[in-house]
Amino acid sequence: MAALREISPQLQRNVADASLPLERVISRCRPWFGNSNEPWKLLELDIQKSIRSSVEELITEDGEVLAYTILRGTLQRILHEELMKEHDTQVQFGKRLSGLDYSDSDSGISLQFTDGGSTDPKYDLVVGADGIKSVVKDFVNTGKTNADGADNKGSSSAIYSGIRITFAIQEGDEIDKDTTGAQFTQFFGNGAYALTSMYGAGKGEPVAKGAFLIYMDDNYIGPFPKRKPEESSDAKPADENIDWTQDNRVPKDHVEECLEVLQAASIPSNDVARIVEKSNRFFDLGVYFHNPFSLNGWVREFSKPNSGWFGSKTSKYAVLA
């Protein structure tokens, strides 16, 4: 929020109006001994008070604490509207990069996409924010891309960790419309971790709720399957959804498996199960290990004749995300 305020106070205000102030974080665990079923409270942190006492840069001149929660899709919508309204910036969705091309005789860098299209005009600067399996990173490393049609996702290798993340989003209910602040509650169980959360879904809209569950894949010991893939249809590792697409959902029949994990882990709350059961969007992801390093650094430069500095006001920029 502080960064948005630096860009545009009005943009920060629009995002804040669509968000929920983050008020509190609570940590709980199952009792370690005794006969009580009541969860133990490990931590209760007043976010607003903590920031006011120690992080001055997150407090505005009006005394507002810049700590909010908002749904990712809602934030993207606001940023897109701001780009179109204030900067007339073109945003294209559903594009997948397949190649970059540059030659001294051309006027800049050309981008090719898997749908057969390319950019015109060309660009002076290309910023790659296209995920862990970045095609732009391939180009920085090797001077070429690993283009393989519509399935191109870059050449980065990954190793399955044996850890799964299940998360569910429950869209806003009118009963929660008057909620004015968000609370995050985390739960530590036997071999599993869970989190419940609340998010702003837009100005005047009921708040959304989220539930996250992190646990070990029963079919794996680390990256190694317990059984051969041909012996079990469940041995295939969960997809990591590198594009973070909301269409990559799993069937709700996985809810039962999720509830079984909660019970086996003795997660000390019904709040997680309640959100999972009532969720409108349900995802199951695998956690993968990636190599974050680049032997050639993070920038690939070209000598463009008589062009001057790429950062001039007349330069054309492309951001791939």
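This text gives an overview of the structure that appears in the document. Predicted, not measured: the structure shown is a model, and the values here were computed from it.

### Describing the environment of Ala 318
Right, on to step 1. In this structure, Ala 318 sits in strand E14 (residues 317-320).
Right, on to step 2. Note on Ala 318: relative accessible area 9%, which makes it buried.
Right, on to step 3. Sequence-wise, Ala 318 and Val 126 are 192 residues apart; in three dimensions their C-alpha atoms are separated by 4.8 Å.
Right, on to step 4. If we skip the residues at most four places from it in the chain, Ala 318 touches Leu 111, Tyr 123, Leu 125, Val 126 and Val 127.

### A closer look at the side chain of Ser 19
Right, on to step 1. Tracing the backbone shows Ser 19 in the loop between helix H2 (9-17) and strand E1 (20-29).
Right, on to step 2. For Ser 19, the residues in contact, after removing those within four places along its chain, are Tyr 68, Thr 69, Ile 70 and Gly 200.

### Quick look at the packing of H2 against helix H4 (residues 72-87)
For any two helices packed against each other, one specifies the crossing angle of their axes together with the interaxial distance.
Right, on to step 1. The contact between H2 and H4 brings their axes to 10 Å, and the two run at 150 degrees. With respect to their mutual orientation, H2 and H4 come out roughly antiparallel. The handedness of the crossing between H2 and H4 comes out as right-handed. Of H4, the residues touching H2 (which contributes Leu 11, Asn 14 and Val 15) are Leu 75, Ile 78, Leu 79 and Glu 82.
Right, on to step 2. Partitioned by chemical class, the residues of the contact of H2 with H4 number 5 nonpolar, 1 polar and 1 charged.

### What about the packing of aromatic side chains?
Right, on to step 1. A full pass over the atoms with the stated rule returns 8 aromatic pairs.
Right, on to step 2. Taking 4.8 Å as the distance between ring centres and 15 degrees as the angle between the ring planes, the aromatic pair formed by Phe 167 and Phe 283 counts as stacked. One end of the pair, Phe 167, is in strand E7 (residues 158-170); the other, Phe 283, is in strand E13 (residues 281-290), and 116 residues separate them in sequence. When sorted by exposure, Phe 167 lands in the same class as Phe 283, which is buried.
Right, on to step 3. Measuring from centroid to centroid gives 5.9 Å for Phe 184 and Tyr 199, while their planes differ by 65 degrees, and the two rings are edge-to-face. With Phe 184 in strand E8 (residues 182-188) and Tyr 199 in strand E9 (residues 192-199), this residue pair connects regions lying 15 residues apart in the sequence. There is no split in this pair, since Phe 184 and Tyr 199 are both buried.
Right, on to step 4. An aromatic cluster of at least three residues, connected via ring pairs, comprises Trp 32, Phe 33 and Trp 40.

### With respect to the pattern of salt bridges
Right, on to step 1. The full count for this structure, using the stated rule, is 11 salt bridges.
Right, on to step 2. The salt bridge partner of Glu 81 is Arg 77, with a shortest N-O separation of 3.5 Å. With Glu 81 and Arg 77 both in helix H4 and 4 residues apart, the pair spans about one turn of that helix.
Right, on to step 3. By relative accessible area, which is 39% here, Arg 77 ends up partly exposed.
Right, on to step 4. One salt-bridge network, held together by shared partners, links Arg 164, Asp 217, Glu 257 and Asp 284.

### Let's talk about the packing of helix H6 (residues 254-264) against helix H7 (residues 271-278)
Right, on to step 1. Contact pair H6 / H7: the axes reach a minimum separation of 10 Å and the direction vectors enclose 180 degrees. Classed by the angle they form, the pair H6 and H7 counts as roughly antiparallel. In contact with Val 255, Cys 258, Leu 259 and Leu 262 of H6, H7 contributes Val 272, Ala 273, Val 276 and Glu 277.
Right, on to step 2. Counted by class, the contact of H6 with H7 contains 7 nonpolar, no polar and 1 charged residues.

### Here we look at helix H3 (residues 47-54)
Right, on to step 1. Taken residue by residue, H3 has Ile 47, Gln 48 and Ile 51 as its buried positions. In an axial view of H3, the angular spread of the buried residues amounts to 100 degrees, which keeps them on one side of the axis. Summarising the geometry of H3, the exposed residues directed more than 90 degrees from the buried face are Lys 49, Ser 53 and Ser 54.
Right, on to step 2. Its buried side turned inward, H3 meets E1 and strand E2 (40-46).
Right, on to step 3. A side-chain oxygen of the first residue of H3 lies 3.2 Å from the backbone nitrogen of Gln 48; this N-cap is Asp 46.

Criteria and thresholds
- Residues numbered from 1 in each chain as written.
- Predicted model: local features only at pLDDT ≥ 70, side-chain atom pairs only at ≥ 80, totals over all residues.
- Heavy atoms only, no water.
- Helix = DSSP H or I, 4+ residues; strand = E, 2+ residues; numbered from the N terminus.
- Buried < 20%, exposed > 50% of the residue type's maximum accessible area, 1.4 Å probe, protein only.
- Contact = heavy atoms within 4.5 Å.
- Axes fitted to C-alpha atoms, helices over the stretch in contact; angles between N-to-C directions.
- Parallel < 35°, antiparallel > 145°, perpendicular 65-115°, else oblique.
- Left-handed = near helix turned anticlockwise from the far one by under 90°.
- Nonpolar A, V, L, I, M, F, W, Y, C, P; charged D, E, K, R; others polar.
- Phe/Tyr/Trp six-rings, centres within 6.5 Å; stacked < 30°, edge-to-face > 60°.
- Salt bridge = Lys/Arg side-chain N within 4 Å of Asp/Glu carboxyl O.
- Arc of directions from axis to C-beta.
- Polar contact = N/O pair within 3.5 Å; in protein donor to acceptor, adjacent residues only side chain to side chain.

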